[in-house]
Structures are given as structure tokens and as C-alpha cells.
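# Working through the structure, step by step
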Amino acid sequence: MKVDEAVEVDDEPTQISEPPISQSTDPLVETEELKNETSTLEDKLKELEIITDAEAEADPKVEEKVLQSPSSIVPIKATPPELPDRSIVAPPALPKRHEQQPPEVPDRNIPPELPKRHDDGLKQFKIKTESEKSVELEENYDLLLSRLSENNEEYQAKDEISKEQINTSANTLRTSFAEKVSTLEKETEGDTTADDSEIHKVDWPFWTQVVNDYASVVKSDPSKLAKELSSGIPKQIRGIVWQLVANSNPVEFEQKFKELESQTSPFEKNINKDLSRTTFISDYGLDVDSLFKIIKAYSVLDSEVGYTQGMAFITVPLLMNMGELESFSLLHKLMFGYNIRSLYLPEMPGLHLKLYQFDRLLEDMLPNLHSHLLRQGVRSSMYASQWFLTFFAYKFPLEFVLRIFDIIITEGFESILKFAVALMQANESKLITLNFDDLLEFLKESLFSAYLIHDVITVDTYDVNKFVEDATNVKVLPITLKRYEEEYQEIHRVEKERQEEVEELRLRNTQLRKEIRKIESGYTLLNREHVQIANEMINGRMTIATLEDENKDLKEQNHNLRERVRSYQVQENIPVPTDLEEDLKRTMDRNLEVMTKNQELEDQISQLLQEVEDLKAKSVSPEPQPPSSPVHKQSHWTKKLFK
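Residues numbered from 1 in each chain as written. Predicted model: local features only at pLDDT ≥ 70, side-chain atom pairs only at ≥ 80, totals over all residues. Heavy atoms only, no water.

### Some remarks on the overall build of the chain
- Scanning the chain from N- to C-terminus turns up 26 helices and zero strands.
- Per-residue burial for the chain yields a buried fraction of 44% across its 643 residues.
- Long-range pairs, those at least 24 residues apart, make up 80% of the contacts in the chain between residues at least 6 apart in sequence.
- Accessible area of the chain: about 34,500 Å², with a carbon and sulfur share of 49%. (Helix = DSSP H or I, 4+ residues; strand = E, 2+ residues; numbered from the N terminus. Buried < 20%, exposed > 50% of the residue type's maximum accessible area, 1.4 Å probe, protein only. Contact = heavy atoms within 4.5 Å. Areas by Shrake-Rupley, 256 points an atom, 1.4 Å probe, with all protein chains shown as cover.)

Here is the structure:
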């Protein structure tokens, strides 16, 4: 039955790095007139506007940078006035790969060249004969050995108590296996029904060897094991084999699971809501309460991951083949031991890595299809995210998912890439004929029709054996995936450095904006004070002119009076009248008073001019002053004013 609820994964675009913007280090230059000061401030504002424009040009391109190699830096279309150049330290160029280049494509979001690599173990998928298939199966067991090695390393790193618990659990599982096989033999003795016929086809001696000593089978007969796995683990013993292969330890969680069950999870409402919206649970007769307990307990245990919708798709196959405690233990093993939890972390690093590895496998195995997808601007994050988050359960029936689980548990989560590549290989001829809109729609909805047998969706709707066989024929080696991971980490590091540089520039931009606002505020205050002082100077000039005229008139009057007195004294030898002498004295006193007032006004004007110079000096940075002093210039201007 098709799962009703598909997990929607929003693209998490990485931000495009912006080039560093050179900033002028010259301070505001003191000028003779206020107009030059205003021009300097406007130039500084234009510098910030250019930085802002550069960020605005970069922002529309951010959405195109999801899981791609670092793109070239967005050029700045305007050059700041009189700004010194600053060289941009770019990351060291990565060596080119010597392989056939794809056809030239338009200027889209195409990743730059990546480090040189070799095609170790990567062979283009082709239809093989039966004899060739057996040889290829032997080449493909490296994932089996790699997963076995990782499980053994994790086992050896545990303490003695944990090892003893794992061994006890394994012995219990082997006992259960022997009892189940014995029961099946008794039940099918003499029967010829369809189910019994399938049971008789199972190579029970081989699976007995797998259960008793899985490691020896992987090392001694990997081709036989790979062939049996591609046919599917018998459903009667699937849960037993999964736990043995993964070294699951349910004894470790016996008490812990009960404690987690009783605790409250902040995700309970979301879990209930998602479980109630899906129909596959009731269709397969699963206990919703048990499923809820397992998922809730894990959300409490792993608070960093908590709960996401895709976790139900992982838990359901486990609960179909084992009890609650065993399911929780194996879920914990898959999440931590197989690193599946990285898919559900807040930044989804595991999903990004798998999408990148998937893109690189397409580039190596299906170069024509990969080039076509690039030309059309279709990224894997647009259609493949749900494949990895749900193990294809959002589209395929659970029988498909169980077969995929058989491979993942034995070969590791990396093997899901083989199923993804097989899907693309099966539809390559159709995909390369479609344009963007039709291409994206086909990738999301019709890609799985390549394995469709019947139009009516049932358990037998899809050819699961053909799908698993095609996936088995895809050659993926751990060393190749490790190389892809190193490439991705290098790209991610460069992108992170560029993002940090962008953040630094944005912070600097904000600081400059604050500085400009502060300078503008100081300029406004300075301009207001300057106008006030200018008005006072004009009024003072008018007062001085009036006093000078009055002084001049008094001097003339005094001179005339003196002349008249002198003439009277010479002609008539008449003494100066007393009232005339007093009038002359008053005139001289008034003249002295006017001269004193005039001197005070001169001193006041000089003081005001000095205050203007001090205010201007405070509005600029303390840098070496030009040869000519602004005070001298203002004094010269003042002399011209009062000339």
C-alpha cells in the first residue's frame, strides 16, 4: 500500500559568498568651507550604498546554491570612489579530474571543478549475462565487509558488560531461530501450498550458517551471501538476522526503555498527528500504541534529533519483525551505529552528504543524464530528499522497504545510494528527453513506474526482485564514497569560510551605517551652530559699523568744537566757557566708551570664530593637518569681513 503522507524536505540553500569590499581609510578632510565637509560625508555614504548594492545582487542567487560546489563570487558592478584595492585571498585551486567532460552547458548553477579522482570500483551499469552477474556479485561485497568491520570495531570498543549482553542476546536469537526453523519444518511437512512452496525454496542450511557465524560467512562466501540478500532474507527470520548482523543489544535498554516510556515528550502531539494521518499502519495490522511508544521514547532519549516525520518509516519495518524493546534497541543502533540520525539533525548534514554522493555517482556512472540535469537546472535536492529520509517508503509499498532494509542493515546506509542510482538508470532514456517542468514532475511522480507491474497498487504492484537486482548491479565501493565525503567536506569548509566572510562584511556594513548616522547627526548640529554664529557675526558687524559711524561723527564734532574754541581764543582771547568744557569732556568720555565697546565686540567675535574652529576640529579624525591652518584662513576671512 502506498504511504499517504510523504515527507516534505525544504531545500536548505547555502548562502552565496560575497567579495570583500575595500573600505577607505582616509578620514574626513578639513575644508575651508562647510560645503566641502558635506561633500566628504556624501562620498562616505555612497561607499556604504555600493556595499549594500553588492549584497542585494547576491541575495537572489542564494536559492540556487544547495549542495553544489562553491560558485564564483558575484562581481561588484560599481566601484567605490577613491577606494584602495584589496586582494581577495581565494582558496587553493583544486586539481582537475582527468575524465571526459560533459557537453558545454549554459551558464547555470554548475559546480566548479573538483579534486582529481579515480574510478576505483565504479563501473557503468549494464545488463549482464548470468555468468557475468556472479562475477560482479563477488566484486560488490566490499560494502558487506566494510559494514562488518565497523560493527566489529564498535563491538570491541564496548566494555565487558556490554559485550556480554550482546553475546547473550545473540545466543537467545540463535535459539529462537532454531526453534522457528524446527516449527516451520513440522508445519510444512507434506503440504504443497504456495506459502509452503516458498519456504521449501529457502536455503535453510545457508541461513543457519549466517545466524550461527555471520562474520565467517561474509569473509568465506560473500558472493553467496550477496546473492541470497538480493533475493531477500526469509520473512520468518528477518528480524533475527537484522539483530544479529547489527549486534543489537536489547538487554541494555530493558530498564531504560521503561523509564523513557513513562516520561513526557514535547513531540507527542506531532507523533500522534502523523501516525493518525497514515494508513499503512492499520493496513499491515501494526499496533499504533507500540509504534508511538518507540518513537516517543527515542525522541526523549535523543533530544538533539527529537522527532521528525521520516522516523516513522524507519520504525515500522522494525516493529513488523520484532517486539517493542527489540525494535527500540535496533532503532538506536541504526541511528547511532549506522549514522542515520545525521539525516534528522537540525542542519541535516547526513542528507546533504548523501545528496552530494548521489550527484557524484550520477556524474561518474551516468554522465549524459547528469549533464542533462545540470543544463535543465534540476538539483537532486528537488526530488531525492524523500528517498533517503523515508527509505523510499513514501512511494513504494512496505515489501519494498523491507527488502531495502535487508541491504542497508548488512551493507550499511551507504547502500541506499545504489537503489537511487538504479532508479535513475532504469529511466535514463526517458529523462534525457524532458525539459525542466516535465523533468521535475517525472522525477517526483513517475520515476517508480519503471518497476510497475500492475496499475492497481498492491503488494505485488512493483517488481521488487528486479529493483533489488538492479541496485545490486550498481558498483559502489567504500573508498569511493569516502573520497566523495572528503570532497564534500572541503567544499563545505570553503563555503563556511565564505559565509563567515559575508557575515563579517555585513557586520562591518552595519558599523559603518551607525558611524554615518553619528556623523550626520554631528554635522547637523555643527551646521546649526554655524548658522547661529554667522547670524551673531552679522549682527556684531552691523553694531560695530553703527558705533564706528557714531565715533566718526563724535570725532568730527569734537574736532569742529576744538577748532571753534581755538579760533575764539586766538581772535578774542576769550576763556572757554565752563559748560562748553563739560560738554567736551562728556563727548570725550563717550568716545572712550564707544572705543571700549568696540574692542569688546572685536574680542567676542574672535572668541566665536575660535569656537567654530574647535567644533570643526572635533568632527574629524585626528590626522596630520594640511600646511595651511583653518584658523588662519578664518582669521583672514574675518579681517575681510570687518574690513
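### Considerations on the packing of helix α20 (residues 416-426) against helix α23 (residues 464-472)
- The interhelical angle for the contact between α20 and α23, taken along N-to-C directions, is 105°, at an axis separation of 8 Å. Regarding the angle of α20 to α23, the classification is roughly perpendicular. Where α20 approaches α23, its residues Lys 418, Phe 419, Ala 422 and Leu 423 are matched on the opposing element by Phe 467, Val 468, Asp 470, Ala 471 and Thr 472.
- When grouped by side-chain class, the residues that make up the contact of α20 with α23 number six nonpolar, one polar and two charged. (Axes fitted to C-alpha atoms, helices over the stretch in contact; angles between N-to-C directions. Parallel < 35°, antiparallel > 145°, perpendicular 65-115°, else oblique. Nonpolar A, V, L, I, M, F, W, Y, C, P; charged D, E, K, R; others polar.)

### Remarks on the packing of aromatic side chains
- Taken as a whole and judged by the stated rule, the model has 18 aromatic pairs.
- Seen from their ring centres, Trp 242 and Phe 405 are 5.4 Å apart, and the 35° between their planes marks the pair as tilted. Of this pair, Trp 242 sits in helix α9 (residues 238-246) while Phe 405 sits in helix α19 (residues 398-411); the two residues are 163 residues apart in sequence, bridging distant segments of the chain. Pair check on accessibility: Trp 242 and Phe 405 agree, each one buried. (Phe/Tyr/Trp six-rings, centres within 6.5 Å; stacked < 30°, edge-to-face > 60°.)

### Some thoughts on the nonpolar core
- If you look at the biggest cluster of nonpolar residues, it comprises 118 residues, and the most contacted ones within it are Ile 340, Phe 358, Tyr 383, Trp 387, Phe 388, Phe 392 and Met 424.
- Among the elements that take part in this core, α19 stands out by supplying nine residues, more than any other.
- For Ile 340, the residues in contact, after removing those within four places along its chain, are Ile 314, Leu 334, Met 335, Phe 391 and Phe 413.
- Core analysis: the next-biggest nonpolar cluster, separate from the first, contains 10 residues, Ile 533, Leu 547, Val 594 and Ile 605 among them. (Core = buried A, V, L, I, M, F, W, Y, C linked by side-chain atoms within 4.5 Å.)

### Some points on the pattern of salt bridges
- Scanning the model with the defined rule gives 19 salt bridges in all.
- Between Arg 341 and Glu 304 there is a salt bridge, with the nearest N and O atoms lying 3.4 Å from each other. You can see Arg 341 sitting in the loop between α15 (324-337) and α16 (349-365) and its partner Glu 304 sitting in the loop between α13 (288-301) and α14 (311-321), a full 37 residues away along the chain.
- Classification of Arg 341 as buried rests on a relative accessible area of 13%.
- Across the pair Glu 497 and Arg 493 runs a salt bridge whose closest N-O atoms are separated by 2.5 Å. Of this pair, Glu 497 and Arg 493 both sit in helix α24 (residues 478-572), separated by four residues, roughly a single helical turn. (Salt bridge = Lys/Arg side-chain N within 4 Å of Asp/Glu carboxyl O.)

### Considerations on the packing of α13 against α14
- Interaxial distance between α13 and α14 falls to 10 Å at its minimum, and their mutual angle equals 125°. Judged on the interaxial angle alone, α14 and α13 are oblique. Both α13 and α14 take part in a crossing whose hand is right-handed. Listed contacts from α14 to Ser 290, Leu 291, Ile 294, Ile 295 and Tyr 298 of α13 are Met 311, Ala 312, Thr 315, Val 316 and Leu 319.
- Residue composition of the contact of α13 with α14, grouped by class: eight nonpolar, two polar and no charged. (Left-handed = near helix turned anticlockwise from the far one by under 90°.)

### Examining unusual backbone geometry
- The phi angle at Asn 339 is positive, at roughly 60°, despite the residue not being glycine.
- With respect to the helices, strands and loops of the structure, Asn 339 is situated in the loop between α15 and α16.
- Asn 339 gets classed as partly exposed once you look at its relative accessible area, which sits at 46%.
- The backbone of Phe 391 shows a phi angle near 60°, a positive value even though the residue is not glycine.
- The residue Phe 391 is located in the loop between α18 (385-390) and α19 in this model.
- Using a relative accessible area of 0% as the deciding quantity, one classes Phe 391 as buried.

### Details of α14
- Buried residues dominate α14, accounting for nine of its 11 residues.
- Met 311, Ala 312, Phe 313, Ile 314, Thr 315, Val 316, Pro 317, Leu 318 and Leu 319 are the residues of α14 that are buried.

### Things to note about the environment of Gly 337
- Structurally, the position occupied by Gly 337 is in helix α15.
- Along the primary structure Gly 337 and Ala 246 are separated by 91 residues, whereas in three dimensions their C-alpha atoms are 8.5 Å apart.
- Setting aside residues no more than four positions away along its own chain, Gly 337 makes contact with Arg 147, Glu 154 and His 332.

### Here's the deal with the confidence of the model for the chain
- Averaged over every residue, the pLDDT of the chain is 75; the share at 70 or more is 69%.
- Throughout residues 1-31 the model reports pLDDT below 50, and contacts reaching past four residues in sequence, or to other chains, amount to 116 contacts.
- Across residues 628-643, confidence stays below pLDDT 50; counting only partners more than four residues off in sequence or on other chains, it has 19 contacts. (pLDDT = per-residue confidence, 0-100.)

### A short note on a negative patch on the surface
- A cluster of like negative charges, contributed by Glu 548, Asp 549, Asp 553 and Glu 556, occupies part of the molecular surface.
- Tracing the sequence through the fold places Glu 556 in helix α24.
- For Glu 556, a relative accessible area of 41% translates into the label partly exposed. (Patch = residues over 30% accessible without salt bridge, like charges linked within 9 Å, V, L, I, M, F, W, Y side chains within 5 Å. Lys, Arg positive; Asp, Glu negative; His and termini not counted. Charge placed at Lys NZ, Arg CZ, Asp CG, Glu CD.)

### Overview of α20
- With 10 of its 11 residues buried, α20 lies for the most part within the structure.
- Along α20, the residues classified as buried are Ile 416, Leu 417, Lys 418, Phe 419, Ala 420, Val 421, Ala 422, Leu 423, Met 424 and Gln 425.

### Some details on the environment of Glu 602
- With respect to the helices and strands, Glu 602 occurs in helix α25 (residues 578-618).
- Overall, Glu 602 belongs to the partly exposed group, its relative accessible area being 29%.
- Considered as a pair, Glu 602 and Arg 541 are 61 residues apart in the sequence and their alpha carbons are 9.4 Å apart.

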